[in-house]
Amino acid sequence: MRGVLGGPRVLLRRLREVMAEPVSAQERLDKIVVLIAANMVAEVCSAYVLRVDGTLELYATEGLNRQAVHLTVMRSDEGLVGLVAREARSINLSDAQSHPAFSYRPETGEEIYHSFLGVPILRAGNTLGVLVVQNRAHRTYSEEEEEALQTTAMVLAEMIASGELSALARPGAEPAARRALHLGGQAIADGIGLGHVVLHEPRVVVTNFIADDVQKELQRLETAIDALRADLDLLLERGDVADDGEHKEVLEAFRMFAYDRGWLHKLREAVVTGLTAEAAVERVQSDARARMLRQTDPYLRERLHDLDDLANRLMRQLTGKHHAPAREQLPDNAIIIARSMGPAALLDYDRSRLRGLVLEEGGPSSHVAIVARALGIAAAGQIDNATGLVDPGDAIIVDGSSGEVHVRPPPDIEAAYAEKVRFRARRQAQYRALREAPSVTKDAEPVSLMLNAGLLVDLPHLAESGAAGIGLFRTELQFMVAAAFPRTSEQLSLYRSVLQIAGELPVTFRTLDIGGDKVLPYMRAVEEENPALGWRAIRLGLDRPGLLRSQIRALLKAAEGRELRVMFPMVASIEEFDRAKAMVEHELTHLRRHGHSLPERVQVGAMVEVPALLYQLDELCARADFLSVGSNDLFQFLYAVDRSNRRVADRFDSLSGPVLRALKAIVDKGRACGKPVTLCGELASKPIGALALIGLGYRLLSLTPSSIGPVKAMLLDLDARKVQSLLGPMIESPVGSVAIRDRLEAFAAAEGLQL
Ligand code: PEP
Ligand code: MG
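Computed from a predicted structure; not experimentally measured. (Residues numbered from 1 in each chain as written. Chains lettered and ligands numbered in written order. Predicted model: local features only at pLDDT ≥ 70, side-chain atom pairs only at ≥ 80, totals over all residues. Heavy atoms only, no water.)

Chemist: Would you explain the site of ligand 1 in this entry?
Modeler: In the vicinity of ligand 1 there are 14 residues, among which Arg 474, Arg 510, Lys 518, Asn 632 and Arg 643 approach most closely. Note that an oxygen atom of ligand 1 is positioned 2.8 Å from one of the side-chain N or O atoms of Arg 510. Residue Ser 631 places a main-chain N or O atom 3.1 Å away from an oxygen atom belonging to ligand 1. Taking 280 Å² as the accessible area of ligand 1 by itself, protein coverage stands at 99%. (Near = heavy atom within 4 Å. Polar contact = N/O pair within 3.5 Å; in protein donor to acceptor, adjacent residues only side chain to side chain. Areas by Shrake-Rupley, 256 points an atom, 1.4 Å probe, with all protein chains shown as cover.)

Pasting the structure below:
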C-alpha cells in the first residue's frame, strides 16, 4: 500500500471520528485535509467548493498558504481544479506544471509542487467541489490512492449538501449545492404547482459510509448482487413486463449489466477501500451519472440510464426498501419528480396532495401526461437530470404552461408565482360562477359545450364545469394506463360508471383509437415506418374484430335502458363505416337473442378526421347518425404535419383558409342532411378556435375540461351573427389575402371578448 499510510480504511475510520466531533464546520474541514494529507503522505491537501456563481473557492488546505483559504477563488474554466470540476473526473499527473490547463496562483505558493491528484466531489452525479492532493516530488498516485481520495470526497459531498458550510460563505457566494435553479423543459400539463419535492424513486440516503467490517460488507454486497440477478431472471422468465412497466429489452440489458465484470469490479473495489456496500453503490452510481450527464450520444446515454436503474435496484436489495413512498407519507403540496413514470403510478398518489409532476423524459403525448392533465396537475417534461438536482422536501415550482421549473426558488420568484396562482384561482372562481348560466351567445344562439374525457378521474369535471355532456370519451385511455389488456368486465364496469355519473347527460363513446402515437405498453408493437398512417384505430378494429366486438358488447350492456352513442375513429372509407356499424347491429342482435336488456336507442357516428371523408360526406351522412370532427388529426393530415413532431407541428396555422374551408364544408353538409356535427379536437378548446367555429356554424363543441370556463366566458359576450358575417367572406376570399387569425383577434378586441 505504497503512499497510503495505514491505507484507506484507516483514513475512513479517522474521518468518521472527525465527523462525529462537536467542532465548527471550518475546524472539521481543517482536520479532514490534515488527515488526508497525512494518510496519503502528501504535502498538500486542499478542498475547493463550487459556489453559486460557478467559481471554486478554497475552503481548507494543508500545505498551501493558509491565508489563501476563502480568498483563492478560481473560475471553473481555470486551472487543473477547474478542469476536474468541469469534466467531473479525476486528474492524476506527475508533472502538473507541464499540463496546458495548469495555472499558477502566487498567493498559494503552489509552484513547488509537481504532482497533482484532483477528484471531483460528486453527489448524484453533480459536482459540488474538488478535492486535491499534491506532492513536491514527481510522483504518480496509484489507482488505490485515487480510489481512496474519491471515497473521501463522498464524505465531503454529504457535508456540503447538508448545508453545514453555508455559514462559512459570504452572501452571494454560498456553496452551489443548494442554489436556486431555473430549469427549462417542455410543457406537458397546464397549471402552476407550488410545493415540495417528492422523489418518485426515493434515493436511498446513505448515512453510514464507513464499514466496520469490510468482509461483512463484501458479503452483503455479494448477497445483494445474487438477489438482484435472481430477481431479473424471474422477471424475464415470467415473460411479461415488470411491475414497474419495464420492457423485456430493458430487463435483458439489466441482466447483462448485472454480470458485467467492470461494474462488479468497481463495486467490490469501493467496498475494499472501506466503504459500506450502500456507499459503494452510491459511489459507482454517482460516477456513472456524472458520465451520463456529459454524454451526448443518445444510445450510450440510454445505456448509462440503464446502469443507473440497475444501481437503484441493487440499492433496494441492500436496504430492503422496495417501493415508492406510501401515500400516507406524501406531504401536502407534493411535486413528484421522476425520470419517467407510467400513468398508473401517478394515479397511485393521493390526488388531494398532488400539485405537480416533473419528468426527465416524457413529452406532452406520453401517457403519464394524459393522466396529469386529467388530474389537473401542472407538469413539465424533458428536464435534464431533474432527479439528481433536487433533494426530498426542497421547495419547487412547476410552471406547466411554459415547461419551466424553479428549484429552491428565491423569494421574489416564489412571490410572483404565488400571485399567479391567486390570479388563476380568481379566474377559476369567475368561471365557476358561469357554470349555471345557459350556454348561449349574446344573440341567443345556443352553443353546447361538452367535455372530452377518457378516465374516471375526468368525471368530476362534468359537474364542476357545468358541461352539457361528454362529447368525446376516449376509450383507449383505459387501455393505455393499464398494465395489461383490460378484460371485458373491466371495460363494462368503466362504461357503466361513466354513464352513471353522467346521469341524464349524453356521453359519446369512441371505440378504441390505438396505434399511431397511442401505443399500449403490453401489446407487441408492429414496426411501422409511418405509424400515424399505419395500422391503427378502426383499421386495427376491423382486422382484429374480436377486440372491437367485445368492446361494443361492453358498451351495449353498459347502456342498458338508455341511449348509447358510439363512434368510430379514423374512418377513411364508407365501407369501413358500414362494416363497423354492422358489428354494432350484430352485437345488438346477439344480446337480444340472449335476453339481455338493451339500450333504449343506439346512435352510431363517425369521426371525421381523414381528409378522404370530406369527399364522401353525402354517403356518410346517409348512414351515420352524427359526425364528430377530429380537428387534431384532420389538421395533421390536411397539412401533412406530424402532430407530435415539435419541428413541424406549429408550422401551419389551424385558423388558415384551407382548414376553415374544410371545417365549413363538414358543418354545412351536416346541417343540410339534418345530422348533428360536433367538433372535438383541440381547436374548440381555445377561445379563438371556438370563436372561429361558431362563426363557421358549429353549435356543438367538445373541449378539454379546463377550457369550458374560458370558452363559455367568451361566447356569452359574443354576437354569433357578427362573427359569422366576418368569417364568411374571409373564407371565400383568395387564400393568403387575409390573415384570418389576426382579423379574429382584432374582432375579439373590438367586441371586448376575452381570448
Ligand atoms: C382528433 O384527432 O382531433 C381527436 C379528437 O382525436 P385524438 O386527439 O384522440 O386523436
Ligand atoms: Mg384523432
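Chemist: Could you clarify how one ought to interpret the domain arrangement of the protein in this entry?
Modeler: Domain boundaries in the protein define domain 1 (2-178), domain 2 (181-202 + 325-424), domain 3 (214-319) and domain 4 (434-751). For domain 1 versus domain 2, the separation of C-alpha centres amounts to 35 Å. Contacts between domain 1 and domain 2 engage five residues on the former and six residues on the latter. Interface area, domain 1 with domain 2, both sides summed: about 460 Å², of which 22% is carbon and sulfur. Ranking the residues of domain 1 by area buried against domain 2 places Arg 123, Asn 126 and Arg 178 at the top, with a combined share of 78%. Across the domain 1-domain 2 interface, the total number found is three salt bridges. As a salt-bridge pair, Asp 391 and Arg 123 come within 3.2 Å of each other at their nearest N and O atoms. Remark: the boundary between domain 1 and domain 2 carries seven residue pairs in polar contact (both at pLDDT 80 or more). (Domains from an automatic or database assignment. Contact = heavy atoms within 4.5 Å. Buried area = accessible area lost by both parts, 1.4 Å probe. Salt bridge = Lys/Arg side-chain N within 4 Å of Asp/Glu carboxyl O.)

Chemist: Hey, could you run me through the coordination of the magnesium ion (ligand 2) in this one?
Modeler: Four donors placed tetrahedrally about a metal ideally form angles of 109.5 degrees, and six donors placed octahedrally ideally form angles of 90 or 180 degrees. Here the magnesium ion (ligand 2) is held by the protein donor atoms Glu 609 (OE) and Asp 633 (OD), which lie 2.0 to 2.1 Å from it. Pair noted here: Glu 609 is in the loop between strand 19 (601-608) and helix 20 (617-623) and Asp 633 is in helix 21 (residues 631-639), with a separation of 24 residues, a long-range link. Residue classification places Glu 609 among the buried residues on the basis of a relative accessible area of 1%. (Donors = N, O, S within 2.8 Å, 3.2 Å for Na, K, Ca; no water. Helix = DSSP H or I, 4+ residues; strand = E, 2+ residues; numbered from the N terminus. Buried < 20%, exposed > 50% of the residue type's maximum accessible area, 1.4 Å probe, protein only.)

Chemist: It is not clear to me how the environment of Ala 453 should be interpreted in this structure. Could you clarify?
Modeler: Mapped onto the secondary structure, Ala 453 falls in strand 15 (residues 448-453). Take Ala 453: its relative accessible area is 4%, and that puts it in the buried class. Put simply, Ala 453 and Gly 471 are 18 residues apart on the chain and 8.2 Å apart in space, counted from C-alpha to C-alpha. If sequence neighbours within four positions are ignored, Ala 453 has contacts with Asp 458, Ile 470, Leu 472, Phe 473 and Arg 474.

Chemist: Where do I start with unusual backbone geometry in this structure?
Modeler: Peptide bonds are trans in most cases, and residues, glycine excluded, mostly fall at negative phi. Positive phi values are uncommon outside glycine, yet Ala 88 reaches one of about 50°. With respect to the helices and strands, Ala 88 occurs in the loop between helix 3 (79-87) and strand 4 (91-93). A relative accessible area of 11% places Ala 88 in the buried class. If you check the backbone angles, Asn 333 has positive phi at about 55° while not being a glycine. With respect to the element layout, Asn 333 can be found in the loop between helix 9 (298-319) and strand 10 (334-338).

Chemist: Can you walk me through the pattern of salt bridges in this structure?
Modeler: Pairing is possible between side chains that carry opposite charge, provided their charged atoms lie close to one another. By the definition in use, this model includes 50 salt bridges. The shortest N-O distance in the salt bridge between Asp 233 and Arg 255 comes to 2.9 Å. Residue Asp 233 is found in helix 5 (residues 214-238), and its partner Arg 255 is found in helix 6 (residues 248-258); the two are separated by 22 residues along the sequence. Here the salt bridges do not stand alone but share partners, grouping Arg 123, Glu 158, Arg 178, Asp 391, Asp 394 and Arg 408 into one network.

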